[in-house]
Amino acid sequence: MAIGKLKIGDKIARLPIIQGGMGVGVSRSSLAGAVAAAGGVGIISTAQIGYDEEGFEQDPAGCNLRAIRKHIARAKKIATDQLGKCAGLVGVNVMVALKHYREHVRAAVAAGADVVICGAGLPMDLPELVEGSGTKIAPIVSSARACKLILKQWAHKYNRTTDFIVVEGPAAGGHLGFHLDQLEEYGYVGNLDEAKEAEAHNVEQAAVDGEIQKIVELKKEYEEEFQCHIPVIIAGGVYEHSDVEHALELGAEGVQVASRFVATYECDASDAYKQAYLNADEKDVMIIKSPVGLPGRALHNQFVNRAEAGKCPIKKCYQCLEKCNPAKVPYCITKALVDAVKGDTENGLVFCGANVGKIHKMMHVKDLMNELAGV
């Protein structure tokens, strides 16, 4: 199946592939710039993006804002060819759960981000944060119900709608928009034999496909009201070209892929972090509790064991989450993610997608993009 361009309003990417935002520090300017240069949409995660900036320990909020500006500019430079043209787009992923979510969005807009994608919460006020700019916006949703809540609010309060929609399924990496009981129903939690697990995954796929089709129908109402086009992007478990084809068959116009981009030479994470992906097996993947308040998918390691046993005392608060009480959360997610991305993959938190066990070799971003596109 031939795939076309991804049109988001007046912005166009040559390939309908969005590289998912991965924090802390996994998807910054090197990865996002390479994806945009290859014709896709490169996404920088703003979650503690300034972790390696001078003065971060004293002023994490200020360092993050400075790093947002720096990495957007650097990604755009990487993505621009000698003729001054870029085949793709550069944007950011901003978690709604962040303490400085609004400041991050505004900083990204001021820095010229093409798109802003928001998940880990419902971005009910996102339109006002980009007002007057050319930056396109999208929520990450896991259900038609959540999508309808957001679109209804934006239409009522801001007299506008979304520029695109990212629909994320339960096979995604990092923070998930599903309750533990839903993940259990889909065979992602607990000890099931192979037959029951396969049956559960079939139930999951049918349920996810059903939600996608509901959202494809829902967005038509807003396309008609606002006389615009709203592409639907499918995320979570997208691994190969056949997954892209399946997404298009459901009525989507593109996909978001994250985990596969970790095992690329251009990824911003340390070599040790990438090697943890290459060494991972399906049995190494587990669902953990995150201080964000959502379940998360990560690799099982010594850190996870300590976190489950309640042996990760918090010595410093980095003011990353809006709703976080250091006295009550199981661990500091900033420290856990920073330790991992720097290379201590046994004593840090390594987020991953459900298909990480299939990743066995390093690739260049351009080659991976071509493979996903079926070129």
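Residues numbered from 1 in each chain as written. Predicted model: local features only at pLDDT ≥ 70, side-chain atom pairs only at ≥ 80, totals over all residues. Heavy atoms only, no water.

Chemist: Hey, could you go over the pattern of salt bridges for me, with residue numbers and the actual values?
Modeler: In the structure shown here, the tally under the stated rule is 14 salt bridges. Put simply, Asp114 and Lys76 hold a salt bridge, and the shortest N to O gap is 3.3 Å. Of this pair, Asp114 sits in the loop between helix H3 (101-110) and strand E6 (115-119) while Lys76 sits in helix H2 (residues 60-79); the two residues are 38 residues apart in sequence, bridging distant segments of the chain. Residue classification places Asp114 among the buried residues on the basis of a relative accessible area of 11%. The closest approach of N and O atoms between Asp163 and Arg160, which form a salt bridge, is 2.9 Å. According to the relative accessible area criterion, Asp163 is buried, its value standing at 15%. One connected set of salt bridges, linked through shared partners, spans Lys11, Lys76 and Asp114. (Salt bridge = Lys/Arg side-chain N within 4 Å of Asp/Glu carboxyl O. Helix = DSSP H or I, 4+ residues; strand = E, 2+ residues; numbered from the N terminus. Buried < 20%, exposed > 50% of the residue type's maximum accessible area, 1.4 Å probe, protein only.)

Chemist: Help me get a handle on the packing of helix H1 (residues 29-37) against H2, residues and values and all.
Modeler: H2 packs onto H1 with a crossing angle of 35° between their chain directions and a minimal axis gap of 7 Å. Our pair here, H1 against H2, has a crossing hand that is right-handed. Along the contact surface, H1 presents Ser29, Ser30, Ala32, Gly33, Ala34, Ala36 and Ala37, while H2 presents His71, Arg74, Ala75, Ile78 and Ala79. In terms of residue class, the contact of H1 with H2 is made up of seven nonpolar, four polar and one charged. (Axes fitted to C-alpha atoms, helices over the stretch in contact; angles between N-to-C directions. Left-handed = near helix turned anticlockwise from the far one by under 90°. Contact = heavy atoms within 4.5 Å. Nonpolar A, V, L, I, M, F, W, Y, C, P; charged D, E, K, R; others polar.)

Chemist: Kindly report on the nonpolar core, identifying the contributing residues and their values.
Modeler: In a soluble, globular protein the nonpolar side chains are often hidden away together inside. Core analysis: the largest hydrophobic core is formed by 115 residues, its most contacted members being Tyr101, Val105, Leu126, Phe261, Tyr331, Ile333 and Leu349. What Tyr101 contacts, discounting residues up to four positions off in sequence, is Val94, Met95, Val96, Cys118, Pro123, Asp125, Leu126 and Leu129. (Core = buried A, V, L, I, M, F, W, Y, C linked by side-chain atoms within 4.5 Å.)

Chemist: Account for the environment of Met362, naming residues and giving values.
Modeler: Structurally, Met362 is set in the loop between helix H12 (333-342) and helix H13 (365-373). Sequence spacing of Met362 and Tyr101 is 261 residues, and the spatial spacing of their C-alpha atoms is 33 Å. Residue contacts for Met362: discarding those within four places in its chain leaves Ala263, Thr264, Tyr265, Lys274 and Leu278.

Chemist: Quick one: what's the story with unusual backbone geometry, residue by residue and with numbers?
Modeler: Excluding glycine, residues mostly have negative phi values, and the peptide bonds linking residues are mostly trans. For the peptide bond that leads from Gly23 to Val24, omega is 5°, which places it in the cis range. Structurally, the position occupied by Val24 is in the loop between strand E3 (17-19) and H1. Even without being a glycine, Gln48 presents a positive backbone phi close to 45°. Examined against the element boundaries, Gln48 turns out to sit in the loop between strand E4 (41-45) and H2. Phi angles above zero are rare outside glycine, and Ala120 is one such case at about 55°. Secondary-structure assignment places Ala120 in the loop between E6 and helix H4 (126-129). Overall, the relative accessible area of 25% leaves Ala120 in the partly exposed class.

Chemist: Describe the side chain of Asn301, with residues and values.
Modeler: Position of Asn301 relative to the elements: it lies in the loop between strand E13 (295-299) and helix H11 (302-308). Polar contacts involving the side chain of Asn301 include one to the main-chain amide nitrogen of Phe303, which spans 3.2 Å. At a separation of 3.0 Å, a polar atom in the side chain of Asn301 contacts the main-chain amide nitrogen of Val304. Apart from the residues lying within four places of it in its own chain, the contact partners of Asn301 are Thr345, Glu346, Gly348 and Val350. (Polar contact = N/O pair within 3.5 Å; in protein donor to acceptor, adjacent residues only side chain to side chain.)

Chemist: Can you tell me about H3, naming the residues and giving the values?
Modeler: When we look at burial in H3, the residues that qualify are Tyr101, His104, Val105, Ala107, Ala108 and Val109. Tucked inside the fold, the buried residues of H3 contact H2, strand E5 (89-95), E6 and H4. Of the residues flanking the end of H3, it is Gly112, one or two places downstream, whose phi is positive at about 90°.

Chemist: Help me get a handle on the sheet that holds E13, residues and values and all.
Modeler: Strand pairing in a sheet relies on backbone hydrogen bonds. The paired strands run either parallel or antiparallel. Strand order in this open sheet of three strands is E9-E13-E12, and the pairing throughout is antiparallel. Pairing within the sheet leaves two strands with one partner each, and these edge strands are strand E9 (174-175) and strand E12 (285-289). Pairing of E12 with E13, which is carried by five bridges, proceeds in the antiparallel orientation. Bridge assignment links Lys289 to a residue of E13, and that residue is Pro295. (Pairing = 2+ DSSP bridges.)

Chemist: Can you tell me about the state of the cysteines, naming the residues and giving the values?
Modeler: Within this structure, the stated rule accounts for zero disulfides. A disulfide-free cysteine, Cys63 has its sulfur positioned 14 Å from the sulfur of Cys320, the nearest such atom. Its relative accessible area of 2% is what places Cys63 among the buried residues. The thiol of Cys147 is not disulfide-bonded; the next cysteine sulfur, from Cys228, is found 12 Å away. (Disulfide = S-S within 2.5 Å.)

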